[in-house]
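# Commentary on secondary and tertiary structure
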Amino acid sequence: MWNNSGLIHDEVLSHRLGLIPLNVDPRLFDEYGFDTDDDGHPTPTDRNTIVFRLNVTCGRNAKDDEKIRKKMEIKWKGEGLVSGYDVEEAQKKVKEAGKKKKDETTADDNDDGDDLEPSVMNLSIADKAAATAVSNTAQSDATPIDSPHRPFTKHIYARDLLWSPQGDQLSRFPLHSSGVGSGVGGGIRPLHEDILIAKLRPGQVIELEAHARKGVGKDHAKFSPVATASYRLMPHIEILKPIYDDLAEELVNWFEPGVFKTVPANEDGHRVKAVVSNPYACTMSRNFMRNPVLKESIKMSRVPNHFIFSVESVGMLEPGVIVAEALKVLKGKCVKVNELADNASAME
C-alpha cells in the first residue's frame, strides 16, 4: 500500500480487494510455496502469483478527472500494465477480424458469429444472461452523488485494477481470449468489472500493488470460500386419501405450488384429482396442515439416503468443476488416512 488518502483504511481496502473474483482458472497456477529460494523461503513467480496495480486520483470535477485518467493511461501502457480499455480494444479487433473472415468464407457455418475463445464462465446460459442484463442497465454519467453544490465523487471499480503481466502470462492469457460470456474482458481481469471498491473526493489518491495467490482456509481465513454450499434430503410425499376438485386446486395453487398437479378424475362426481408431480420442489413447509382434511390426506417425509446438494460459484469455476475438485481433495485425504493406518499397523 504505497499511498491511500481515502476514507477507507488500508486493512479494510485490502480485505475488499481480496474478495474480488478473478476471471482465471486457478488450476492453471501452482500453490504459493512450491517454489523456494536458496534459503527455503517461498518465491513469487509467474506460475503462482498474479500482480495487479491500482493507481487512481480524483480530480476537481468529471472533466478534470477524465484528463487525469487519460494522462495516466499513457503512463500505464509505457509500464506494460493492462487496463480494461486495452482489453476492450483487443477484443474488438479480434471480433472484427473474425466477422470479416466469416464473410469471406461460405455461409455454411451457423454459429453466432463470435470467434473469441470462451471465458472461464462462458459455459452456462445464465452467465450470458447476466452479462446481457448488466449491459442493458448501463447507468449514465450522472450519479445521485453528483448533485449540485456537493464535491465531485469518484467511484473506484474493479475495472480500475491494472493487470501487470509477469513472465509469460500475457502469452498464456492473451487479451482476446475471454470475456464472451461474462463480458469482463480478456487476459486476467476481475470477473465483474462493476464491483465498487472505494469512493474518493477531489485530491484523494490510492496507489497500491496487489498479489493474488492460491490458498486454503486452514492457512488463512481470507482463503475461505464465500459462496454457498448446502444440502438437503430428498422429500418423499404420499397421498393417503384422494383429494378432489376445489380442495385439489387449492392444494396445487396455494399450499404447495409446483409439488402437486391436477389430473382429470375417473371417479364419478369429481372433476379433477391431485397427484404428486415434483417432490423435488417441496420445501417441507407443511402449509397444507392448515386445512384439517389435507392434514389427514398427505404424509411428508424424507428419503434418508438421497441428498440434494446445492453448490454456488463466485465465478472462477463452474459449480460442477468445484464438486469434482472437492472430490479429488477428499479422495487424497482418504488415501493419506489409509497410508497412516497401514503404517500404524506395521509398527505394532
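Please refer to the structure placed before this passage.
The following paragraphs examine the structure supplied in this document.

Conventions adopted
Residues numbered from 1 in each chain as written. Predicted model: local features only at pLDDT ≥ 70, side-chain atom pairs only at ≥ 80, totals over all residues. Heavy atoms only, no water. Phe/Tyr/Trp six-rings, centres within 6.5 Å; stacked < 30°, edge-to-face > 60°. Helix = DSSP H or I, 4+ residues; strand = E, 2+ residues; numbered from the N terminus. Buried < 20%, exposed > 50% of the residue type's maximum accessible area, 1.4 Å probe, protein only. Patch = residues over 30% accessible without salt bridge, like charges linked within 9 Å, V, L, I, M, F, W, Y side chains within 5 Å. Areas by Shrake-Rupley, 256 points an atom, 1.4 Å probe, with all protein chains shown as cover. Salt bridge = Lys/Arg side-chain N within 4 Å of Asp/Glu carboxyl O. Core = buried A, V, L, I, M, F, W, Y, C linked by side-chain atoms within 4.5 Å. Contact = heavy atoms within 4.5 Å. Lys, Arg positive; Asp, Glu negative; His and termini not counted. Polar contact = N/O pair within 3.5 Å; in protein donor to acceptor, adjacent residues only side chain to side chain.

### A look at the packing of aromatic side chains
- All chains considered together, the criterion is met by three aromatic pairs.
- Their ring planes at 5° and their centres at 5.6 Å tell us that F29 and F173 sit as a pair that is stacked. One end of the pair, F29, is in the loop between α1 (10-18) and β2 (50-57); the other, F173, is in the loop between α5 (169-172) and β5 (196-200), and 144 residues separate them in sequence. Each of the two residues, F29 as well as F173, counts as buried.
- Plain terms: the ring middles of Y231 and F309 are 5.6 Å apart, the flat faces sit at 35° to each other, and that makes the pair tilted. Separated by 78 residues along the polypeptide, Y231 in strand β7 (residues 229-239) and F309 in strand β10 (residues 298-311) bring together distant segments of the chain.
- In textbook terms, an aromatic cluster arises when at least three aromatic residues are bridged by ring pairs, as seen for Y231, F307 and F309.

### Quick look at unusual backbone geometry
- Notably, D245 is not glycine yet its phi reads approximately 50°, a positive angle.
- Among the structural elements, D245 can be located in helix α6 (residues 245-255).
- Its identity as a non-glycine residue notwithstanding, R286 has a phi of 60°, on the positive side.
- Here R286 shows up in the loop between β9 (272-276) and α7 (292-297).

### Here we look at a nonpolar patch on the surface
- On the surface, L19, V226 and V314 cluster together into a nonpolar patch covering about 250 Å² of accessible area.
- Here L19 is to be found in the loop between α1 and β2.

### Describing the nonpolar core
- Ranked by size, the top nonpolar core spans 27 residues in total, and within it I50, W163, I188, I197 and I206 carry the most contacts.
- Per-element accounting of this core gives the leading share, four residues, to β2.
- In this structure I50 touches L22, V24, F29, W163, Q169, I188, A210, H211 and A212, once residues within four positions along its chain are discounted.

### A short note on α6
- Among the residues of α6, D245, A248, L251, V252 and F255 are the ones counted as buried.
- For α6, the elements touching its buried residues are β8 (260-264), β9, α7 and β10.

### Overview of the side chain of D160
- Mapping D160 onto the fold places it in the loop between β3 (154-157) and β4 (162-164).
- As a buried residue without a salt bridge, D160 has its nearest oppositely charged side chain in K154, at a separation of 5.5 Å.
- A polar side-chain atom of D160 sits 2.9 Å from the main-chain amide nitrogen of Y157.
- When neighbours within four sequence positions are excluded, D160 is seen to be in contact with R53, L54, V56 and H155.

### Quick notes on the pattern of salt bridges
- Taken as a whole and judged by the stated rule, the model has twelve salt bridges.
- The salt bridge involving K154 is made with D65; its shortest N-O contact spans 2.8 Å. Of the two residues, K154 is situated in strand β3 and D65 in helix α2 (residues 62-78); the sequence distance between them amounts to 89 residues.
- Owing to a relative accessible area of 11%, K154 belongs among the buried residues under this scheme.
- Accessibility expressed as a relative area gives 9% for D65, which makes it buried.
- The partner of E325 in a salt bridge is K328, and the shortest N-O contact between them spans 3.5 Å. Here E325 and its partner K328 are both found in helix α8 (residues 319-347), three residues apart, which amounts to about one turn of the helix.
- Given the relative accessible area of 24%, E325 is considered partly exposed.

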